[in-house]
Amino acid sequence: MHTRADQVRGGGISQFFRNSRSFVLGAGIGSGMTARAAERAGADFVLALNAGRFRAMGGSSPASILPIRNCNEFVAGFGRTEILPSTKLPVFFGACTFDPQLDIDRWLERIIRWGFSGVTNFPSVIHIDDYRRSLLEKCGLGYEREIELLVKAAKRGLMTIAYTRTQSEARRMVEAGTEAICINFNLNRSIETGSAPSISLAELAARASAVARVAQSIDRNAICLLGGGPITKPDELLEICRETGVQGFIGGSSLDRVPLEMSVLEVTSGFKTIHLLREKVDLLERQLQLSGFRHGVIAQSSVMKRTLETARRLGASPNPVLVWGEAGSGKRRIASLVHSFSDRKHVNAALFHCRRGLAIDMIGALFGAEADENRRRQLSLLEGASDSALLLTHVDQLSRDGQERLADYLETGTFTPLNGASLVRSNARIIATVTVARGASLESVLCPRLLAFFAGLDIELPALPNRLEDLPQLIQHFTVEAKGVSNAQTLGIENSAFLALAGHYWPGNLRELRQIVNQLVMLPGTHITADVLKPLLNASSPAKPISALSEREWIIDGLKRNRLHRGKTARSLGLSRKTLYNKIKKLRILE
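Structure report, in brief.

About the thresholds
- Residues numbered from 1 in each chain as written.
- Predicted model: local features only at pLDDT ≥ 70, side-chain atom pairs only at ≥ 80, totals over all residues.
- Heavy atoms only, no water.
- Helix = DSSP H or I, 4+ residues; strand = E, 2+ residues; numbered from the N terminus.
- Expected span 1.5 Å × (residues − 1).
- Buried < 20%, exposed > 50% of the residue type's maximum accessible area, 1.4 Å probe, protein only.
- Arc of directions from axis to C-beta.
- Pairing = 2+ DSSP bridges.
- Phe/Tyr/Trp six-rings, centres within 6.5 Å; stacked < 30°, edge-to-face > 60°.
- Axes fitted to C-alpha atoms, helices over the stretch in contact; angles between N-to-C directions.
- Parallel < 35°, antiparallel > 145°, perpendicular 65-115°, else oblique.
- Left-handed = near helix turned anticlockwise from the far one by under 90°.
- Contact = heavy atoms within 4.5 Å.
- Nonpolar A, V, L, I, M, F, W, Y, C, P; charged D, E, K, R; others polar.
- Salt bridge = Lys/Arg side-chain N within 4 Å of Asp/Glu carboxyl O.
- Core = buried A, V, L, I, M, F, W, Y, C linked by side-chain atoms within 4.5 Å.
- Lys, Arg positive; Asp, Glu negative; His and termini not counted.
- Patch = residues over 30% accessible without salt bridge, like charges linked within 9 Å, V, L, I, M, F, W, Y side chains within 5 Å.
- Areas by Shrake-Rupley, 256 points an atom, 1.4 Å probe, with all protein chains shown as cover.
- Charge placed at Lys NZ, Arg CZ, Asp CG, Glu CD.

1. Examining helix 16 (residues 302-315)
For step 1, the next point in the chain: Under the 1.5 Å per step criterion, the end-to-end length of helix 16 is 20 Å for 14 residues, consistent within 8% with the ideal 20 Å.
For step 2, the next point in the chain: Here helix 16 has its buried residues at Val303, Met304, Thr307, Leu308, Thr310, Ala311, Leu314 and Gly315. What you see down the axis of helix 16 is that its buried residues fit within an arc of 160 degrees, all on one side.

The structure is reproduced here in structure tokens:
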């Protein structure tokens, strides 16, 4: 079976990037464990670097430029025995040219024979202070020798990435024919020592943009990557990418500083998704969030974000859509949102509440009724909504005959009025809602034939206990609704009160939460404690059948939902980041 490394070897770095078609992520590492984790998390390639090995050994990145080991033999040792056998990704060999006895041609032949896909000039003289670098340059062991290494590597079919720091270095590399550069300004000492970074994010963006412009002025197809520096989090990388337009990121300390596979998975996954964030935050997220807020939909939790995405996807198609969930979970709002995403959004959708009752009242209103001696012909809602959509709420309340008639319409686009014989055609799109009790299935409320027409076209709304990350914003949203003031002061809710909210069963879901907030805003003051809240919760609904979460369980549950991301966990639990850290330490959660 051909690996990804086999497919790109010999094809050149430009072809590799064209095939990737996205923001690419490289991992500068020093062990097989991190290679496996980076591949599973979505990295595009890995670099076997002596700095990565020093970090895995408990050392630091700056040690990589010190003459404490034969660098190339050192990298060959762990690169061949650990990294190459552990990943199918292309592996770049971090080669050092400081050694005056290094035979570049001979060494490149060995790199090819071992199975590496590419070469990079790391460690580089760009990481050495000016005085010592000038000594190496005078001895012929400076940057020109690194250019020679990469030029010869490219001629042998190896992919190359050139580490650069200045505009002059970028110019020299690109003029020599190097297709990809990694703009790198320091060795990220702040990660390992806790010291302040030697370059700010703003300065990094400005300098990286200047270097990239020089490189692409010489070769507009030159690939510009960003390497390391003070970047430690995906949101920092997003900010830099927006300003510089770089096409990828090579992470070192930020990816492997903690020798745990789970840590590598989490951080690398975050960096890998940067291309999705960069391409979609300004478009999809804004559209979804704004559309959601217009319809009163709060979606900070991952499950509700997926719900909005499903609503957008189904809304753009002409097919019928079924929105289902528990009572009070917001089904009608999502149904309206589906219509707002459709090409019929400029025509108001007709709304019909299905209720159990006389056939003439329910089926007659929906499908129409022929005239008889006591009644004039009754026009159907399907006819009136032919150019728009018909929002049918509580379809589970329709009789079996009504559900079968609706299935007929979905199958043929026609229907027969009550007491009629002729077929009537309509183009009305059906967007239906169904109430399903917690733990029950759709099969319990819809006839099989009708249910079949919604297969793959349904949106399941989560119960409130399954989207607790949305609680803070939901409370603020309902506070604004209750007070009628857009800048209404947020209710101050103590941690103990949040614990009570998180442990509540919420049988009434959003409807019940709105009622609770309506009562809270009427109380004097805005500071809510558990003692104030619990009587309201007990009065609104039966208690949760299982025991409420302890504080430790509550925090652990939040960490699990947010994949151990402490910042997101703190926001979802309504805590400050410092308070969360203190509680984790006090409760010995991650020990």
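Picking up where we left off.
2. So, the pairing of strand 7 (residues 223-227)
For step 1, the next point in the chain: Among the five residues that make up strand 7, five are buried, leaving the element largely enclosed by the rest of the structure.
For step 2, the next point in the chain: Side chains Ile223, Leu225 and Gly227 of strand 7 all project onto a buried face; the interleaved residues Cys224 and Leu226 project onto the opposite face, where all are buried too.
For step 3, the next point in the chain: Relative to strand 7, strand 6 (residues 180-184) is paired through five bridges, and the arrangement is parallel. Following the sheet pairing, isoleucine 183 is matched in strand 7 by leucine 226.
For step 4, the next point in the chain: Relative to strand 8 (residues 248-251), strand 7 is paired through three bridges, and the arrangement is parallel. Looking at strand 8, one finds that leucine 226 is bridged to phenylalanine 249.

3. Description of the packing of aromatic side chains
Given two aromatic rings, their pairing is described by the distance between the two centres and the angle made by the two planes.
For step 1, the next point in the chain: Scanning all chains against the criterion turns up nine aromatic pairs.
For step 2, the next point in the chain: For the pair phenylalanine 74 and phenylalanine 78, a centre-to-centre distance of 5.6 Å together with 80 degrees between the ring planes defines the contact as edge-to-face. Placement of the pair is phenylalanine 74 and phenylalanine 78 together in helix 5 (residues 71-86), with a separation of four residues, close to one helical turn. Each member of the pair phenylalanine 74 and phenylalanine 78 is classed as buried.
For step 3, the next point in the chain: For the pair phenylalanine 93 and tryptophan 107, a centre-to-centre distance of 6.2 Å together with 65 degrees between the ring planes defines the contact as edge-to-face. Taken together, the positions of phenylalanine 93 in strand 3 (residues 91-95) and tryptophan 107 in helix 6 (residues 104-114) put the pair 14 residues apart, joining distant regions of the chain.

4. Comments concerning the packing of helix 9 (residues 167-175) against helix 11 (residues 201-218)
For step 1, the next point in the chain: Here helix 9 crosses helix 11 at 25 degrees, and the two axes come no closer than 9 Å. Regarding the angle of helix 9 to helix 11, the classification is roughly parallel. For the pair helix 9 and helix 11, the crossing hand works out as right-handed. Taken together, the residues of helix 11 that come into contact with helix 9 (itself represented by Gln167, Ala170, Arg171, Val174 and Glu175) are Ala210, Val211, Val214, Ala215 and Ile218.
For step 2, the next point in the chain: A breakdown of the residues in the contact of helix 9 with helix 11 according to their chemical character gives seven nonpolar, one polar and two charged.

5. Focus: the pattern of salt bridges
Any two side chains of opposite charge can pair, so long as their charged atoms come close to each other.
For step 1, the next point in the chain: Across all of its chains, the model carries 19 salt bridges by this definition.
For step 2, the next point in the chain: With its nearest N and O atoms 2.7 Å apart, the salt bridge here joins arginine 53 to glutamate 82. With arginine 53 in helix 4 (residues 50-56) and glutamate 82 in helix 5, the pair connects residues that are 29 residues apart, well separated along the chain.
For step 3, the next point in the chain: With relative accessibility at 18%, the residue arginine 53 sits in the buried group.
For step 4, the next point in the chain: Shared partners join several salt bridges into a network, and the residues in it are Asp105, Glu109, Glu148, Lys152 and Arg156.

6. Some details on the nonpolar core
For step 1, the next point in the chain: Phe45, Phe93, Ile111, Val119, Ile181, Ile183 and Leu226 are the most contacted members of the largest nonpolar core, which totals 82 residues.
For step 2, the next point in the chain: For this core, the element with the highest residue contribution is helix 5, accounting for seven residues.
For step 3, the next point in the chain: In this structure leucine 226 touches Cys182, Ile183, Leu204, Ala208, Ile231, Leu237, Ile240, Val246, Gly248, Phe249 and Ile250, once residues within four positions along its chain are discounted.
For step 4, the next point in the chain: Residues Leu499, Leu520, Leu533 and Leu573 belong to the second largest nonpolar core, which totals 35 residues.

7. A few points about the side chain of glutamate 146
For step 1, the next point in the chain: With respect to the element layout, glutamate 146 can be found in helix 8 (residues 143-155).
For step 2, the next point in the chain: It is arginine 133 that comes nearest to the buried, bridge-free glutamate 146 among opposite-charge side chains, at 7.1 Å.
For step 3, the next point in the chain: Those residues within four positions of glutamate 146 in sequence are excluded, and the remaining contacts are Thr97, Phe98, Asn121, Pro123, Ser124, Val125 and Met173.

8. Topic: the sheet that holds strand 4 (residues 118-121)
For step 1, the next point in the chain: Strands sit in the order 1-2-3-4-5-6-7-8 around a closed barrel of eight strands; the barrel is parallel. Strand-to-strand twist across the sheet, computed as the mean angle between neighbouring axes with direction ignored, equals 25 degrees.
For step 2, the next point in the chain: Pairing of strand 5 (residues 159-164) with strand 6 involves three bridges; the strand directions are parallel. Residue pairing for strand 6: alanine 162 is matched across the bridge by isoleucine 181.

9. Overview of a positive patch on the surface
For step 1, the next point in the chain: Among the surface-exposed residues, Lys233, Lys305, Lys568, Arg571 and Arg577 lie close enough to one another that they form a single positively charged patch.
For step 2, the next point in the chain: Its location among the elements puts lysine 568 in helix 27 (residues 566-573).

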